[in-house]
Amino acid sequence: MALSSADWATVASLATAAGTLVLALATFASVRSGNRAARVAEASLLVNLRPVLTPTRPGDPAQRIRFMDDHWVTAEGAEAAVEVTGTAIYLAFGLRNVGNGLGVLDRWKLLIPDEGANPPDHADPSHFRRLTRDLIVAPGDIGFWQGALRDDDPWRAVVLDAIKARRILLVELLYGDHEGGQRTITRFALIPDGGDAWTATVSRHWNLDRSDPR
């Protein structure tokens, strides 16, 4: 049976609609694929900029570290310097950047865990102390962190008691890449190791600017 002009118009409209739908689906698939590729490329770029800090290793060169009051300490590989004077407590340890990007240290927080416990989460970043200078650790290289508690610091007496009792000290460092992104908090533990020695170890890393995979 022959189709009327109205039927042909309907068929043409349906064909046009079908073609538009196919084109829309193809465009959606293309855009989705392009977005996925862009996300993969962005993730790869960020990996190449991401620093990851750990303590130095035994056998790494000792580092002489100067404080603003011209006090000097020496941090051996895998060890921390913990020194007490009449006016300040000086803390320092070596760092190794095992990531691909330049690491820039910004802030730090000192914790004294109860009975050797390891708190499940990091401290509030707003409570961290600002470093007086940026400390930089190049990828594949070593650097250091340093912090001091002066005689007017309310934490000085508490930390002094912990040092005398040879208790574990926790230091959380907030750092990022050279553009100020990919902020990370890494928790280090300073563990008494016989005599006056202290060993520096790492326990946790937290990502602040992206979802944590764990």
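Residues numbered from 1 in each chain as written. Predicted model: local features only at pLDDT ≥ 70, side-chain atom pairs only at ≥ 80, totals over all residues. Heavy atoms only, no water.

A. Fine view of the overall build of the protein. Helix and strand content of the protein: two helices and eleven strands. Going from the N terminus to the C terminus, the protein shows its helices and strands as α-β-β-β-β-β-β-β-β-α-β-β-β. Across the 214 residues of the protein, 37% fall into the buried class. Pairs at least 24 residues apart make up 64% of the contacts formed inside the protein by residues separated by at least 6 positions. As presented, the protein carries roughly 12100 Å² of accessible surface, and 57% of it is formed by carbon and sulfur atoms. (Helix = DSSP H or I, 4+ residues; strand = E, 2+ residues; numbered from the N terminus. Buried < 20%, exposed > 50% of the residue type's maximum accessible area, 1.4 Å probe, protein only. Contact = heavy atoms within 4.5 Å. Areas by Shrake-Rupley, 256 points an atom, 1.4 Å probe, with all protein chains shown as cover.)

B. Representation of the confidence of the model for the protein within the structure. Residues of the protein with pLDDT of at least 70 account for 78%, and the chain-wide mean is 86. Scored below 50 in pLDDT, residues 40-45 shows zero contacts in the model against residues more than four places distant or in partner chains. (pLDDT = per-residue confidence, 0-100.)

C. Highlighting the nonpolar core. Core analysis: the largest hydrophobic core is formed by 38 residues, its most contacted members being Phe93, Leu95, Leu105, Trp145, Leu169, Leu173 and Leu190. The dominant element in this core, judged by the number of residues it contributes, is strand S5 (residues 88-97), at seven residues. Of all hydrophobic cores here, the second largest spans eight residues; its members include Phe128, Leu174, Ala189 and Trp206. (Core = buried A, V, L, I, M, F, W, Y, C linked by side-chain atoms within 4.5 Å.)

D. Structural view of the pairing of strand S8 (residues 142-150). Among the nine residues in S8, seven count as buried, and that is most of the element. Looking at chain direction, S5 and S8 are connected through nine bridges and run antiparallel. Within S8, the position partnered with Phe93 by the bridge is Trp145. (Pairing = 2+ DSSP bridges.)

E. Looking closely at the packing of aromatic side chains. Per the stated rule, a full pass over the model turns up four aromatic pairs. Between Phe67 and Tyr90, the aromatic rings sit 4.8 Å apart at their centres with planes inclined by 65°, giving edge-to-face as the arrangement. A residue pair is termed long-range when its members are at least 10 positions apart, and Phe67 in the loop between strand S2 (63-66) and strand S3 (72-75) and Tyr90 in strand S5 qualify at 23 residues. On the basis of relative accessible area, Phe67 is assigned to the buried category, the value being 4%. Residues Phe93 and Trp145 carry aromatic rings whose centres are separated by 5.2 Å and whose planes lie at 40° to one another, so their mutual orientation is tilted. (Phe/Tyr/Trp six-rings, centres within 6.5 Å; stacked < 30°, edge-to-face > 60°.)

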